[in-house]
Amino acid sequence: MTTADLLRACGLSPTELDAAGADLDVHSPCDGALLARLRSHSEQDAQRAIERSHAAFLAWREVPAPVRGELVRLLGEVLRERREALGALVTLEAGKISSEGVGEVQEMIDICDFAVGLSRQLHGLTIASERPGHRMMETWHPLGVCGVITAFNFPVAVWAWNAALALVCGNGVVWKPSEKTPLCALAVMRLFDEAARRFALRHPALLPEGLCSVLVGGSALGHTLSSSPLVPLVSATGSVAMGRKVAVQVAQRLGRSLLELGGNNAMIVAPSADIELALRAIVFSAVGTAGQRCTTLRRLFVHSSIAAPLYARLEQAYAGLAVGDPRNDGVLVGPLIDGRSYDAMQHALRLAREQGGLVSGGERVIVGDGDGAPSWYVKPALVRMPAQTPVMHEETFAPILYVVEYDDFADAVAMNNAVPQGLSSAVFSNDVRETEWFMSARGSDCGLANVNIGTSGAEIGGAFGGEKDTGGGRESGSDAWKNYMRRATNTINFSGALPLAQGVRFDV
Ligand code: NAD
């Protein structure tokens, strides 16, 4: 399929892709080709979208939750029909290999299924009252407009994690996607519109206009969302630097923020580990999505007794990695998103060398005939470090895997925890004392602590997120839905008296 056919299949029209007054050029990281010239939304557009979503929310909150679930079920249906096309667009615009592009859409479908079930399970508690003839309970209510700010590296799934839950919880959603991947967002909005059309056929007049929308443009639009009093929740995914700004803006107006920020993820490989399994997990976690996942494995702590053979196997595996255009079969490592990422990678490798690291890989790879703007492919880098030096405390969003040896398991756990970020972590060990330690209170301090599986590739059923600089938010499964609702505690008196709590007397 040609690029033009793909964009058309995703519902994007040629006039929209070459807009009058365009200020945002969209290039494919695969070959640098210019995909579109878009016009960013203005501050006024953003305010209008928020106001429309708020007005829509006032009606949507009264639609029964299982009926709201029907909208999300239809979204899942449309996504199933367009899985391959949207996946191919993710590959084209974000540079993921094809199976990861389609996998991201599958993740959207999975969270839609989860949210549909949830729409009948927004349960509150009943609570024993200390007073006779009284009952207490909790009720959960829709919150309002949810502002969703997303990063380039998951250009469609992160919206779905938020939107599927927010919609069944009775909210509106205004989305500010990354300025690097606006086409994916526009295509998703077309699919949402199609789901809305099908919903309206079954439930005329129940779905208000403007409930969900997308704002194309840069960080200023994210600022508009963060500072609007009509947006009670801002869910922001991206760098720690972005999260620090958004957190302050939202806190200033005492709003709620849900932050999913940078990771700096580690794995410990113990002497008892199944090395073949560990090897596969390491390579997928470290080089998948060209090292541009928030859960990418960046730090590897290997017991000194197995370090030499494991490192040799890793070098062998890295040498065989196919780097190339992610649209081609067999390719495992696609491009970096842009030249700035390439520069950041080279800078980190320079620092690593200065700090005693032995680097293999990391060089630029030229792919294709260089027709468009430059594209930025690299050989994933393996770096043997003498210790966990300062460069390892930073998240460099590129495929660099630092390897450090350890002798004592306690030291390995301490190194796992000794960085500012706290997203994902893993241990490969068949010693139950080590694996339980790793998952215990004195073990990994991350939001995700895995055993005999890599740091990346989470399922939607669990709550996803991390601690410390990662921001503390939890999205997706488990009880993450509670972020998107407000809780009311109700005390009901069905006695003929008015006893006060704690035995207080107040006779009037
Ligand atoms: P980024 O921080 O540059 O941009 C993310 C989004 O924030 C974009 O939409 C951007 O326009 C917006 N933004 C930037 N500054 C803003 C501001 N001051 N106010 C409001 N919005 C603002 O991140 P990126 O380069 O697109 O993505 C890579 C980063 O995202 C990495 O650090 C990665 O670890 C992180 N990430 C985290 C998760 C997670 O779940 N924890 C998932 C994906 C990516």
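Residues numbered from 1 in each chain as written. Predicted model: local features only at pLDDT ≥ 70, side-chain atom pairs only at ≥ 80, totals over all residues.

Engineer: Can you break down the overall build of the protein residue by residue, with the values?
Structural biologist: Summing up its helical and strand segments, the protein has 15 helices and 23 strands in all. Over its C-alpha trace the protein gives a radius of gyration of 25 Å, about what one expects of a compact globule, namely 23 Å for 508 residues. Seen through its principal axes, the protein has C-alpha atoms that stretch 80 × 60 × 40 Å. Out of the 508 residues in the protein, the part that is buried amounts to 50%. When contacts within the protein are restricted to residue pairs at least 6 apart in sequence, long-range pairs at least 24 apart make up 73% of them. (Helix = DSSP H or I, 4+ residues; strand = E, 2+ residues; numbered from the N terminus. Rg over C-alpha atoms; globule rule 2.2 N^0.38 Å. Buried ≥ 20, exposed ≤ 12 C-beta atoms within 10 Å, placed from the backbone. Contact = placed C-beta atoms within 7 Å.)

Engineer: Go over the site of the ligand, please, and point to the residues and values.
Structural biologist: Around the ligand, the surrounding shell holds 30 residues, and the nearest of these are A151, G222, G238, E260 and C294. Broken down by element, the shell around the ligand gets its largest block of residues, four residues, from helix α9 (residues 219–227). Residue classes in the shell around the ligand are distributed as eleven nonpolar, 14 polar and five charged. (Near = placed C-beta within 6 Å. Nonpolar A, V, L, I, M, F, W, Y, C, P; charged D, E, K, R; others polar.)

Engineer: Would you mind going over the sheet that holds strand β5 (residues 145–149) in detail, with residue names and values included?
Structural biologist: Sheet strands line up and pair through hydrogen bonds in the backbone, either parallel or antiparallel. What the five strands build is an open sheet, ordered β7-β6-β5-β8-β9; its pairing is parallel. Each end of this open sheet is capped by a strand with a single partner; those strands are β7 (212–214) and β9 (256–260). Averaged over all adjacent pairs, the angle separating strand axes in this sheet is 15 degrees, with direction ignored. In this structure, β5 lies alongside strand β6 (residues 172–176), joined through five bridges in parallel fashion. From the neighbouring strand, C146 faces β6, where its bridge partner is V173. (Pairing = 2+ DSSP bridges. Axes fitted to C-alpha atoms, helices over the stretch in contact; angles between N-to-C directions.)

Engineer: Now, about the environment of A319: what can you tell me, with residues and values included?
Structural biologist: By the element assignment, A319 lies in helix α12 (residues 304–319). Between the C-alpha atom of A319 and that of K379, which follows or precedes it by 60 residues, the distance is 8.9 Å.

Engineer: I'd like a description of the sheet that holds strand β16 (residues 400–406), backed by residues and values.
Structural biologist: With respect to topology, seven strands assemble into an open sheet ordered β12-β15-β16-β11-β10-β18-β19, the strand pairing being mixed. Edge positions in the sheet fall to β12 (358–360) and β19 (448–451), since each has one partner strand and no second. Strand after strand, the sheet turns through a mean of 20 degrees between neighbouring axes, direction not considered. One ladder, built from five bridges, connects strand β10 (residues 265–269) with strand β11 (residues 297–303); its direction is parallel. Residue V269 lies in a different strand from β11, and its bridge partner there is V302.

Engineer: Let's hear about the confidence of the model for the protein: which residues, and what values?
Structural biologist: Residue-level pLDDT values for the protein average 97, and 99% of them are 70 or greater. Complex prediction metrics read pTM 0.98 and ipTM 0.98. (pLDDT = per-residue confidence, 0-100.)

Engineer: Could you give an account of the environment of D369, with specific residues and numbers?
Structural biologist: By the element assignment, D369 lies in the loop between β13 (364–365) and β14 (377–378). The exposed category is assigned to D369, around which 7 C-beta atoms lie within 10 Å. Each C-alpha atom, one on D369 and one on D31, is 8.5 Å from the other, the two residues being 338 residues apart in sequence.

Engineer: Explain the packing of helix α5 (residues 83–94) against helix α8 (residues 182–202) residue by residue, including any values.
Structural biologist: Axis separation between α5 and α8 bottoms out at 9 Å; the angle between their running directions is 165 degrees. The pairing of α5 with α8 is recorded here as roughly antiparallel in orientation. Crossing geometry of α5 relative to α8 is assigned as right-handed. Here L86, L89, V90 and E93 of α5 lie close against α8, whose contacting residues are L183, C184 and A187. (Parallel < 35°, antiparallel > 145°, perpendicular 65-115°, else oblique. Left-handed = near helix turned anticlockwise from the far one by under 90°.)

Engineer: How would you explain helix α10 (residues 240–252) if you had to name every residue and give the values?
Structural biologist: With 13 residues, α10 should cover 18 Å at 1.5 Å per step; its first-to-last C-alpha distance of 18 Å lies within 8% of that length. Along α10, the positions that sit buried rather than exposed are M242, G243, V246 and V250. Here the buried residues of α10 occupy an arc of 95 degrees about the axis, which is enough to place them on one side. Counted as exposed and oriented over 90 degrees from the buried face of α10: A241, V248, A251 and Q252. Where the residues of α10 are buried, they touch β5, α9, β8 (233–237) and β9. Taken from the residues just after α10, L254 is the one with a positive phi, measuring 60 degrees. (Expected span 1.5 Å × (residues − 1). Arc of directions from axis to C-beta.)

Engineer: Would you mind going over unusual backbone geometry in detail, with residue names and values included?
Structural biologist: With a phi angle near 75 degrees, A205 is a residue other than glycine that sits in the positive phi range. Here A205 is to be found in the loop between α8 and β7. Judged by local crowding, A205 falls into the exposed class, with 7 C-beta atoms found within 10 Å. The phi dihedral of L254 falls on the positive side, at around 60 degrees, and the residue is not glycine. Relative to the helices and strands, L254 resides in the loop between α10 and β9.

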